[in-house]
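# Survey of secondary and tertiary structure
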Amino acid sequence: MNHAPTEQPADTVARLRDTFRTGRTKSVEWRTGQLRRLRAMLTEHGDDLAAALHADLGKSATEAYRTEIDFTVREIDHTLEHLEEWLRPEPAPVPAYLGADATAWTQYDPLGVVLVIAPWNYPAQLLLAPMVGALASGNAVVAKPSELAPATSAALAELIPAYLDTDAVAVVEGGIPETTALLAERFDHIFYTGNGTVGRVVMRAAAEHLTPVTLELGGKSPAFVDRDTDLDVVADRLVRGKFLNAGQTCVAPDYVLTDPETAPALEAALVRAVEGVYGTDPAASPEYGRIVNERHFDRLSGLLDSGRVVVGGASDRKDKYIAPTVLADLAPEAPVMREEIFGPILPIVTVPDLDAAVDFINDRDKPLALYVFSDSATTRARIAAETSSGGLGHGLPLAHLTVSDLPFGGVGESGMGNYHGRYSLDTFSHRKAVLSKPLS
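Below is a summary of the structure that appears in this document. (Residues numbered from 1 in each chain as written. Predicted model: local features only at pLDDT ≥ 70, side-chain atom pairs only at ≥ 80, totals over all residues. Heavy atoms only, no water.)

As a further point, take the overall build of the protein. For the protein, the count of helices and strands is 14 helices and 20 strands. Relative to the 2.2 N^0.38 estimate, which gives 22 Å for 440 residues, the radius of gyration of the protein is 23 Å and therefore close to what a compact globule would have. Expressed as a percentage of the 440 residues in the protein, the buried residues total 55%. Long-range pairs, those at least 24 residues apart, make up 72% of the contacts in the protein with a sequence separation of at least 6. A total accessible area of about 18,300 Å² is found for the protein, and carbon and sulfur atoms account for 53% of it. Side chains of the protein give 39 positive and 60 negative charges; the mean places of these two sets differ by 4 Å. (Helix = DSSP H or I, 4+ residues; strand = E, 2+ residues; numbered from the N terminus. Rg over C-alpha atoms; globule rule 2.2 N^0.38 Å. Buried < 20%, exposed > 50% of the residue type's maximum accessible area, 1.4 Å probe, protein only. Contact = heavy atoms within 4.5 Å. Areas by Shrake-Rupley, 256 points an atom, 1.4 Å probe, with all protein chains shown as cover. Lys, Arg positive; Asp, Glu negative; His and termini not counted. Charge placed at Lys NZ, Arg CZ, Asp CG, Glu CD.)

Right, here's the structure in full:
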């Protein structure tokens, strides 16, 4: 059944809650059926979504499939393969004083009606991947795509009702007024991906109903480059991780820490890597995206003079293009170091040694990710033990996000809660304790 797009948020939530109360969403058959339908949507309309992503962010079809469409298909496949196993009750030992006939276990219960609010930078993946966990857990879902990626939002608003159970899944488009109206309703869980400012708004609204929240935020994710590493390999991996989606990735390396002796050679390697990945004119590369809108372009272009330009620095407001840029010789308090960059600018900050690098990281908010490029087991172990971050990557940025058996999430200012694979089931379910004692 299709429902009118003018349906009010209160009516949408009430309708989905009525469906949930029938028990319809709780069966394994309904859950797996919805996941298979979602998978079919992605495989049958991948090109439509790729076109929308290109319209919103200049993403190439290759990048759209790799980071959004196929990424979500893999998450669905992993969940379908393991869901029945994950849902099995888990026995718990019972104290002897309760008698030999007493048994205990835990079981996953769906939460009810959940709200998923997506950002604009990966507007398909970051709406649909949380929905995989919410549906697998047996919930009804209100999906709120980002209005800052209007083409993708419109495509999802058309496709999701065509494939999923519209009595249990609803898409609400719009901007701040529509999101505010949704947040006034009582949900059983709110999953928000975005920035800390809006994250605080979400938490305040959720507190009115004591609704639990998952916040997937961001922050300035550092990369530490040790001396005596293969700098060409390091530079290539930094460039591919940093400038993917024109740097508009929450787990992209935000800045590089290295020592003064290593920095010049790293600069030269980064120049070679940018040309190797995007050519001599990145603006002409079909694999290099664009900034989402003029507001973000203006913010980013204002950061370009924070230090000496090693490579890049060019920009075109009309095309929303900022070249892959590396900056050096900048102060730790430079404008580009004051906030998450979320764009194609990579500062290099020099520190005397590993001790100073650890202090530099710990003096700032806990990042969503931390990347270490070192062949020293001691260095790797020290950074793992002496710093705190949502995720830690040794030798390769972003890759931990693609492992379904790893939880993805932040800590402190970079977020709370996590998801992917079985961790999504933990997020979108209540683990209920059950004890049984026969009456005779």
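With the rule as written, the count across this model stands at 7 aromatic pairs. Their ring planes at 25 degrees and their centres at 5.7 Å tell us that F191 and F428 sit as a pair that is stacked. Placement of the pair is F191 in strand β6 (residues 189-193) and F428 in the loop between α14 (422-427) and β20 (429-436), with a sequence separation of 237 residues. Exposure remark for F191: the relative accessible area of 0% places this residue in the buried category. A ring pair is formed by Y288 and Y321, whose centres lie 5.9 Å apart and whose planes are at 80 degrees; its orientation type is edge-to-face. With Y288 in the loop between α10 (263-278) and α11 (294-301) and Y321 in strand β12 (residues 321-322), this residue pair connects regions lying 33 residues apart in the sequence. Under the relative-accessibility criterion, Y288 is labelled buried at 2%. Each residue in the set F191, F408, Y419 and F428 is aromatic and connected to the rest through ring pairs, giving one cluster. Taking the ring centre of F360 as reference, the NZ or CZ of R364 above it sits at 3.5 Å. Here the basic side chain of R431 rests over the ring of Y108, its NZ or CZ set 4.8 Å away from the ring centre. (Phe/Tyr/Trp six-rings, centres within 6.5 Å; stacked < 30°, edge-to-face > 60°. Lys NZ or Arg CZ within 6 Å of the ring centre and 35° of its normal.)

Compared with the 18 Å implied by 1.5 Å per residue over 13 residues, the 17 Å span of helix α9 (residues 231-243) between its first and last C-alpha is a close match. Taken residue by residue, α9 has L231, V234, A235, L238, V239, G241, K242 and F243 as its buried positions. Of the surrounding elements, those touching the buried residues of α9 are β8 (222-225), β9 (255-258), α10, β13 (325-328), β14 (345-350) and β15 (369-373). Residue N245 follows α9 closely and has a positive phi angle near 55 degrees. (Expected span 1.5 Å × (residues − 1).)

On to the environment of R382. Within the secondary structure layout, R382 lies in helix α13 (residues 377-386). Taking the C-alpha atoms as reference points, R382 and D355, separated by 27 residues in sequence, lie 9.5 Å from one another. Once residues lying within four places of it in the same chain are set aside, the contact partners of R382 are L354 and D355.

Here the focus is the packing of α9 against α10. The packing of two helices is summarised by the inter-axis angle and the distance between the axes. Contact geometry of α9 with α10 gives a least axis separation of 8 Å together with a crossing angle of 55 degrees. In terms of their interaxial angle, α9 and α10 are classed as oblique. Both α9 and α10 take part in a crossing whose hand is right-handed. Counted together, L231, D232, V234, A235, D236, L238, V239, R240 and F243 of α9 and A265, L266, A269, L270, R272, A273, V274, V277 and Y278 of α10 form the full contact between these two elements. (Axes fitted to C-alpha atoms, helices over the stretch in contact; angles between N-to-C directions. Parallel < 35°, antiparallel > 145°, perpendicular 65-115°, else oblique. Left-handed = near helix turned anticlockwise from the far one by under 90°.)

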